[in-house]
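Inside the fold
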Amino acid sequence: MGIILFDDQFRANLLPLSFTRPVSEFRVGILTIADKWKRYLNSEISYLTEHYLQEKYPLQIDAENLLINSAICPDKNLLDAIAKIREGEALFHDQLLIAVQLNEAAVKEFDINKLTSYRSVEYLNSVTRIAYPEHIFSFNGQEIRKDFELLTTGRTSASLSNTNIILGDQIFVEDGVDAECSTFNSKTGPIYLGKDSIIMEGCHIRGPFALCEGALLKMGAKIYGMTTIGPHSKAGGEINNSVLFANSAKGHEGYLGNSVLGEWCNIGADSNNSNMKNNYAEVRLWDYSTEKFRKTGLQFCGLIMADHAKCSINTMFNTGTVVGVGSNLFGSGFSRNFVPDFSWGGSQGREVYSLKNMFETAMKVFARRNIDFNEMEQKILTHIFELTVKYRRF
């Protein structure tokens, strides 16, 4: 049976992070949502998403197919419920479509806004759904715990050098990990160190924490719990309850808290974000759908930075700041709480960051990782540039 992860009508709530990927490619915990489903179902998956993303994230339709909402994180109870639905049946939770089993013809006619033809089955347990960007860091601690069990049950951890201090016994070390003279406290939650990751001397880490494959912690890093450093990312300074998707760098001194960085982001040295207002008021975040700020219900909410965004040294981000795809920030003072996609500048003025100049930078960044910034990547970013023209009112 083909497994298809579909983006529903609410994916716009997850912009700008969802401009460049299906929702199932969000990293929450140790794994992306897609990788979670692959492991739980022991199956490959394909994607049903926006047309401009389908080349990079292809759709494969089989004779029998199970369509699963890409914003839902799996667990054992949900898996049991999905296993019981039959062709033409749809599993709902409070009118939200979780999964539906369809034949090839029905998949080709699938419309998220036309669901009345399916036999409805209600799922009564709770679900973990990534409905807004802040849910990524809010649910990250619980998802690290779930992924830790999924990845490590029945396996034996590699060992760490005896120059390290280890508190607690919930630590799992993959092959090739290099760590010296650092402190790991798993009494507060599990710690996962991915294959070939590096922890330089003098780091202090509290779980739950995930350092994914090939990632690097710089010397003296202070990492608080509910934090994930994605594959091939670099991290340093002070980080709390934040997620770096992959291939991003926050490698220097400065604070990052209650935040999410997409891929190919770079945070300059001594840059900081605020994650709480001076008056302790509820934080609001920019909403692309309504083109106004939305209440989050959170007292702690920092920076949401989309793919290819970068900032210079000593950049200051106010509480609840959203930075769009491909933006490049510099200059003194706080940036505005919403920085439109493909912006160039800072608090003293901004202009459009042209695709030509942005592509030149991206090519150099990709080349450092021996990756080709190919025509497909350029087509996706060009489409996003056109989609976001209306937000760049400089």
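Since the model is a prediction, treat every value here as computed from it, not as a measurement.

**Description of the overall build of the chain**
Scanning the chain from terminus to terminus reveals seven helices and 37 strands. Taken over the C-alpha trace, the chain has a radius of gyration of 21 Å; the compact-globule value for 394 residues is 21 Å, and the two agree within 12%. With respect to the principal axes defined by its C-alpha atoms, the chain has extents near 55 × 55 × 45 Å. In the chain, buried positions account for 56% of the 394 residues. When contacts within the chain are restricted to residue pairs at least 6 apart in sequence, long-range pairs at least 24 apart make up 46% of them.

**Brief notes about the packing of aromatic side chains**
Inspection of every chain in the model, using the stated rule, returns 16 aromatic pairs. Seen in terms of ring centroids, Tyr-288 and Tyr-391 are 4.9 Å apart; in terms of plane orientation they differ by 75 degrees. Their pairing is edge-to-face. With Tyr-288 in the loop between β28 (284–287) and β29 (292–295) and Tyr-391 in the segment after α7 (375–387), the pair connects residues that are 103 residues apart, well separated along the chain. Residue Tyr-391 is classed as buried on the basis of its relative accessible area of 10%.

**As for the pattern of salt bridges**
By the definition in use, this model includes 18 salt bridges. For Lys-146, the salt bridge identified is with Glu-143, shortest N-O distance 2.8 Å. Residue Lys-146 and its partner Glu-143 are located together in helix α5 (residues 140–152), separated by three residues, close to a single helical turn. Take Glu-143: its relative accessible area is 0%, and that puts it in the buried class. Between Glu-291 and Arg-393 there is a salt bridge; the shortest N-O distance is 2.8 Å. One end of the pair, Glu-291, is in the loop between β28 and β29; the other, Arg-393, is in the segment after α7, and 102 residues separate them in sequence. By relative accessible area, which is 27% here, Glu-291 ends up partly exposed. Judged by its relative accessible area of 61%, Arg-393 falls in the exposed class. One salt-bridge network, in which partners are shared between bridges, spans Lys-36, Glu-143, Lys-146 and Asp-147.

**Some remarks on the sheet that holds strand β15 (residues 204–206)**
Spatial ordering of the open sheet is given by β9-β12-β15-β18-β21-β24, a layout of six strands whose pairing is parallel. A single partner strand is all that each edge strand has here, and the edge strands are β9 (165–167) and β24 (255–257). Strand direction decides the pairing type here: strand β12 (residues 183–185) and β15, joined by three bridges, are parallel. Note on β15: the bridge partner recorded for Phe-184 is Ile-205.

**Things to note about the sheet that holds strand β10 (residues 171–173)**
Spatial strand order, β10-β13-β16-β19-β22-β25-β30-β33-β35: nine strands in an open sheet with parallel pairing. Two strands bound the open sheet, and with one partner strand each, they are β10 and β35 (338–339).

**Some remarks on the pairing of strand β3 (residues 64–69)**
The element β3 is extensively covered by neighbouring structure, given that five of its six residues are classed as buried. Direction of pairing for strand β1 (residues 2–6) relative to β3: parallel, over a ladder of five bridges. Across the sheet, Ile-4 pairs through a bridge with Leu-67, a residue of β3. In terms of strand pairing, β3 meets strand β6 (residues 96–103) through five bridges, oriented antiparallel.

Reading the values: the criteria
Residues numbered from 1 in each chain as written. Predicted model: local features only at pLDDT ≥ 70, side-chain atom pairs only at ≥ 80, totals over all residues. Heavy atoms only, no water. Helix = DSSP H or I, 4+ residues; strand = E, 2+ residues; numbered from the N terminus. Rg over C-alpha atoms; globule rule 2.2 N^0.38 Å. Buried < 20%, exposed > 50% of the residue type's maximum accessible area, 1.4 Å probe, protein only. Contact = heavy atoms within 4.5 Å. Phe/Tyr/Trp six-rings, centres within 6.5 Å; stacked < 30°, edge-to-face > 60°. Salt bridge = Lys/Arg side-chain N within 4 Å of Asp/Glu carboxyl O. Pairing = 2+ DSSP bridges.

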